[in-house]
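Structural characterization, general
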Amino acid sequence: MSEVISTSKLSKRYGSTYSVQDMNLTVREGDIYGFLGPNGAGKSTTLKMILGLAKPTEGKVKVFGKDFAEERRQILDQTGSLIESPSYYGHLTGLENMRVVQRLRRVPDNNVTEALKIVRLDKHKDKKAGQYSLGMKQRLGIAMALVSWPKLLVLDEPTNGLDPAGIGEIRELIKSLPERFGMTVLLSSHLLAEIEQIATSVGIIHQGKLLFQGSMEELQRRSYPMIMIKTADNSRAQRFLAAEGYSPQLFEDRIAFAGLGDEEAAAVNRRLVAANIDVLRIEEHKKNLEHIFLELTGKERSL
Ligand SMILES: Nc1ncnc2c1ncn2[C@@H]1O[C@H](COP(=O)(O)OP(=O)(O)OP(=O)(O)O)[C@@H](O)[C@H]1O
């Protein structure tokens, strides 16, 4: 798969503070790349530099293998974006707003009709955008970004402020874009669950630095399984097993073991039963992404 975006040592400094530092980001064709980080991590700043809306202090951006500084126009012609909140004219209808973008992008009427249909605003196209709900405004913003059928779509927190139904709708829409239209999508979010559900690749940014970059599977692989055992008396089970040389931890209503193989799990089970401690459940838990994220950002030490 070819690289659609690659940045090398991309940095942005405001005063003496780096908002983004030495960012080597790679987005491949057909990816839905989830750019994940807490508020203030530097996501918007990075996206703005990729789109030429902010000037890097250091480093380079290549989009479609072209140097942004040299081939800006050609790159932007094939790119659609929604950065921060959508910009629209409140006194114009959804359709009229689309026409404004249509003229700028010099695309046929059909593109407008299709884009409105895809974001399901076709029935509301004659209503003033100022009277749209938050979700509709967001969808209008996405329709504007889609109108030229870009090869690359960059979306900054596209589900911000939406209710769960709206989030689900936008999520399904984004997920369908690579397959339906051959697009590559780069989107940012501070919500792990959202990235987990949409993205095929992930970049985790914290305090301006990229801490992890890879496929969603690679990130998932970092999670090692824990064996959780629920007994009729967890405290007694824990003391008993600790005396037998194991090191279980009490965790909610279970005792937890790291790195316990199948045979060891069976042995623990036998010992508990022999000690007259009823075993109610034995389960394998994968560490969830939240744990991994917290570990990467250095905020979590236990379990
Ligand atoms: N124009 C600016 N001048 C000074 N500092 C800025 C400017 N723009 C951004 N910053 C700082 O850069 C850091 C990163 O901001 P950025 O908006 O990129 O973060 P983010 O990850 O997108 O967060 P959020 O999700 O809250 O938008 C913040 O500390 C912010 O205060």
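Analysis parameters
- Residues numbered from 1 in each chain as written.
- Predicted model: local features only at pLDDT ≥ 70, side-chain atom pairs only at ≥ 80, totals over all residues.
- Heavy atoms only, no water.
- Pairing = 2+ DSSP bridges.
- Helix = DSSP H or I, 4+ residues; strand = E, 2+ residues; numbered from the N terminus.
- Axes fitted to C-alpha atoms, helices over the stretch in contact; angles between N-to-C directions.
- Contact = heavy atoms within 4.5 Å.
- Core = buried A, V, L, I, M, F, W, Y, C linked by side-chain atoms within 4.5 Å.
- Buried < 20%, exposed > 50% of the residue type's maximum accessible area, 1.4 Å probe, protein only.
- pLDDT = per-residue confidence, 0-100.
- Near = heavy atom within 4 Å.
- Polar contact = N/O pair within 3.5 Å; in protein donor to acceptor, adjacent residues only side chain to side chain.
- Areas by Shrake-Rupley, 256 points an atom, 1.4 Å probe, with all protein chains shown as cover.
- Nonpolar A, V, L, I, M, F, W, Y, C, P; charged D, E, K, R; others polar.
- Expected span 1.5 Å × (residues − 1).

1. A look at the sheet that holds strand β15 (residues 279–286)
Here four strands make up an open sheet; going across it, the order is β13-β14-β12-β15 and the pairing antiparallel. The sheet is open, and its two borders are formed by β13 (249–251) and β15, each paired with just one other strand. Within the sheet, the average angular offset between the axes of one strand and its neighbour, ignoring direction, is 30 degrees. When strand β12 (residues 225–231) meets β15, the two strands line up antiparallel, connected through seven bridges. Its bridge partner lying in β15, Thr-231 is registered against Val-279. Here helix α10 (residues 262–274) sits on the sheet in contact with β12, β14 (254–258) and β15, set at roughly 155 degrees to β15.

2. Remarks on the nonpolar core
Among the nonpolar cores identified, the biggest contains 34 residues, and Met-98, Val-119, Ile-142, Leu-146, Leu-155, Ile-174 and Val-185 are the most heavily contacted of them. Listed by contribution, the elements that provide at least two residues to this core are α3 (94–105), α4 (109–118), α5 (134–146), β8 (152–156), α6 (164–181) and β9 (184–189). Considering each element in turn, this core owes the most residues, seven residues, to α5. Among residues more than four places away in sequence, those in contact with Val-119 are Arg-139, Ile-142, Ala-143, Leu-146 and Leu-173. Grouped together as the second largest cluster of nonpolar side chains are 25 residues, Leu-10, Val-27, Ala-41 and Leu-152 included.

3. Things to note about the confidence of the model for the chain
Note that predicted coordinates carrying low pLDDT should not be read in detail. Per-residue confidence for the chain gives a mean pLDDT of 89, with 96% of residues at or over 70. At the low end of the mean pLDDT range in the chain sits helix α11 (residues 289–296), at 72; at the high end sits strand β3 (residues 26–28), at 97.

4. Examining unusual backbone geometry
Its identity is not glycine, yet Lys-9 carries a phi of approximately 50 degrees, on the positive side. Summarising the element assignment, Lys-9 is placed in strand β1 (residues 3–14). The class for Lys-9 is exposed, based on a relative accessible area of 52%.

5. Considering the site of the ligand
What surrounds the ligand is the set Tyr-14, Ser-19, Pro-38, Asn-39, Gly-40, Ala-41, Gly-42, Lys-43, Ser-44, Thr-45 and Glu-157. Here a nitrogen atom of the ligand and a side-chain polar atom of Tyr-14 are 3.4 Å apart. If the ligand stood free it would expose 630 Å²; the protein chains cover 55% of that surface. No other element matches the three residues that helix α1 (residues 43–50) contributes to the shell around the ligand. A per-class count over the shell around the ligand returns three nonpolar, six polar and two charged.

6. Side note on α3
An α-helical segment advances 3.6 residues per turn. Residues three or four places apart therefore align on the same side. In this model α3 runs 17 Å from its N-terminal to its C-terminal C-alpha over 12 residues, within 8% of the 16 Å that 1.5 Å per residue would give. Two residues or fewer after α3 comes Arg-106, characterised by a positive phi angle close to 55 degrees.

7. Quick look at the sheet that holds strand β4 (residues 32–36)
The six strands are arranged β7-β8-β9-β4-β10-β11 in an open sheet whose pairing can be described as mixed. Of all the strands in the sheet, the pair left with one neighbour each is β7 (79–82) and β11 (209–215). Averaged over all neighbouring strand pairs, the angle between strand axes comes to 15 degrees, with direction disregarded. Across four bridges, the pairing between β7 and β8 is parallel. Bridged to Gly-80 within β8 is Leu-153. Here α1 sits on the sheet and contacts β4, β8, β9 and β10 (201–206); the angle it forms with β9, its principal contact strand, is near 150 degrees. Across the face of the sheet, α5 comes into contact with β7 and β8 while running at roughly 165 degrees to β7.

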